[in-house]
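Structural features, examined
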Amino acid sequence: ESDAGVYTCVCGDKESTASLAVHALPVLFKEGLRNEEVQEGASVTLRCELTKEAPVKWKVGPKVLEASDKYDMRQSGTTVELAIHGLEVKDA
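Heads up: these notes are all about the structure in this document. If you're wondering where the values come from, they're calculated on a predicted model, not measured in any experiment.

Moving on, we come to the environment of A83. Relative to the helices and strands, A83 is located in strand β8 (residues 79-84). Overall, the relative accessible area of 3% leaves A83 in the buried class. C-alpha of A83 to C-alpha of E40: the two residues are 43 residues apart in sequence and 14 Å apart in space. Discounting chain neighbours no more than four positions away, the residues touching A83 are V44, T45, K70, Y71, D72 and R74.

Given below as structure tokens:
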């Protein structure tokens, strides 16, 4: 997208100009989340991979999660992870 703009070819006192539009591809899930079964009190890391880097939000039901001692959110390139610590039955 950053390559979009007006380009000009100049030859002496003559020039030709063209506009370039770049249509971004949508972000898709290359690898989605997987179901997990974990013991109470343990930790789990949920992971998915996107087709390109993009900001993500983690949610449980309608609630958007925020980073805390319980939730650790990481992103490395196209891989995003949510670590949940001290799992309780209500975290299911």
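From this point, things continue past the structure.
A separate point is the sheet that holds β8. Strands sit in the order β3-β4-β8-β7 across an open sheet of four strands; the sheet is antiparallel. The strands lining the two open edges of the sheet, one partner per strand, are β3 (29-31) and β7 (71-76). Here the strands of the sheet are splayed against their neighbours by 30 degrees on average, with no regard to which way each runs. When β7 meets β8, the two strands line up antiparallel, connected through six bridges. When the sheet's bridge partners are listed, S76 is paired in β8 with T79.

Scoring rules and cut-offs
- Residues numbered from 1 in each chain as written.
- Predicted model: local features only at pLDDT ≥ 70, side-chain atom pairs only at ≥ 80, totals over all residues.
- Heavy atoms only, no water.
- Helix = DSSP H or I, 4+ residues; strand = E, 2+ residues; numbered from the N terminus.
- Buried < 20%, exposed > 50% of the residue type's maximum accessible area, 1.4 Å probe, protein only.
- Contact = heavy atoms within 4.5 Å.
- Pairing = 2+ DSSP bridges.
- Axes fitted to C-alpha atoms, helices over the stretch in contact; angles between N-to-C directions.

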